[in-house]
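Now for the letters of each chain:
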Amino acid sequence: MADISVTATAVLPATGAVILTGIAGGTITAGQPIYEDGANGSVLKAAQADAAATGVKANVVGIALNGGAIGQRIQYIKTGNLTMNAVLVAGGAYVASAAAAGGIAPIGDLGSNHYTTILGIAISTTVLKVNIQAGGVQRT
């Protein structure tokens, strides 16, 4: 399978979602998983779970709710329901992609040497119940 296709203009948190704010350290698009770059002032960057990430890029803190460029404010969801207007499989687990920075993939797409960071479980074909679990270790 491939990364899911998120419609950035449809990314919308539900009432009661935990929303935080940070500063972009690169170009970010709504719907992308993001991590804090502690080596660069804790700015937010698009996450990726590939083997070259050394775990840091895979330590997702949330999913961006708006887009922005370097230095701009980014709001992101940490927990709660998130409408993405994407094609999800209800009951499926979704993770930070290893294929592309900022991508979201079904858990089955991760291979050996990729870092597993669960973003959430789809509760419908358009809504992800976000509850980030960053393992910090590579799959074997």
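See the structure shown above.
Fair warning: this is a prediction, and the values are worked out from it, not measured in the lab.

(A) Looking closely at the overall build of the protein. In terms of helices and strands, the protein carries 0 helices and 10 strands. Ordering the α and β elements of the protein from the N terminus gives β-β-β-β-β-β-β-β-β-β. Taking 14 Å as the expected radius of gyration for a compact globule of 140 residues, we find that the protein reaches 13 Å, a close match to that expectation. By residue count, 44% of the 140 residues in the protein fall in the buried class. The protein carries 6 positive and 5 negative side-chain charges, and their two centres are separated by 7 Å.

(B) The arrangement of the pairing of strand β5 (residues 60–64) in detail. Taken across its 5 residues, β5 has 5 buried, putting it largely inside the fold. Judged from the 3 bridges that link them, strand β3 (residues 33–37) and β5 form a sheet pairing that is antiparallel. Bridging from a neighbouring strand, Y35 pairs with V60 of β5.

(C) Looking closely at the side chain of T117. Structurally, the position occupied by T117 is in strand β9 (residues 115–122). Discounting chain neighbours no more than four positions away, the residues touching T117 are A58, N59, V60, Y94, V95, A96, I132, Q133 and A134.

(D) Molecular detail of the environment of L88. In this fold, L88 is placed in the loop between β6 (73–83) and β7 (93–96). Sequence spacing of L88 and I4 is 84 residues, and the spatial spacing of their C-alpha atoms is 7.4 Å. Residues within four places of L88 in sequence aside, it is in contact with I4, Y94, A122, S124, T125, T126, V127 and L128.

(E) Fine view of unusual backbone geometry. Of note, S42 is a non-glycine position whose phi angle comes to about 60°, a positive value. On the secondary structure map, S42 appears in the loop between β3 and β4 (43–46). The backbone of N113 shows a phi angle near 75°, a positive value even though the residue is not glycine. Take N113: it is sitting in the loop between β8 (104–106) and β9. N113 sits in the partly exposed class, given a relative accessible area of 40%.

(F) Broad picture of the nonpolar core. Core analysis: the biggest nonpolar cluster contains 29 residues, and L82 and L128 have the highest contact counts within it. Those elements giving two or more residues to this core turn out to be β5, β6, β7, β8, β9 and β10 (127–138). In contact with L82, other than residues within four places in its own chain, are V11, L12, P13, I63, L65, I77, T126, V127, L128 and V130.

(G) Focus on the side chain of S97. Relative to the assigned elements, S97 resides in the loop between β7 and β8. Within the local environment of S97, its side chain forms a polar contact with the backbone nitrogen of A99, the two atoms lying 2.9 Å apart.

(H) Layout of the pairing of β7. Across 3 bridges, β7 lies against β9 in antiparallel orientation. Within β9, the residue paired with A93 across the bridge is I121. Sheet topology note: the β7/β8 ladder contains 3 bridges and is antiparallel. In the sheet register, Y94 faces β8, and the bridge partner there is P106.

Here is what the cut-offs are and how they apply
- Residues numbered from 1 in each chain as written.
- Predicted model: local features only at pLDDT ≥ 70, side-chain atom pairs only at ≥ 80, totals over all residues.
- Heavy atoms only, no water.
- Helix = DSSP H or I, 4+ residues; strand = E, 2+ residues; numbered from the N terminus.
- Rg over C-alpha atoms; globule rule 2.2 N^0.38 Å.
- Buried < 20%, exposed > 50% of the residue type's maximum accessible area, 1.4 Å probe, protein only.
- Lys, Arg positive; Asp, Glu negative; His and termini not counted.
- Charge placed at Lys NZ, Arg CZ, Asp CG, Glu CD.
- Pairing = 2+ DSSP bridges.
- Contact = heavy atoms within 4.5 Å.
- Core = buried A, V, L, I, M, F, W, Y, C linked by side-chain atoms within 4.5 Å.
- Polar contact = N/O pair within 3.5 Å; in protein donor to acceptor, adjacent residues only side chain to side chain.

No statement about biological role is implied by the geometric values presented.
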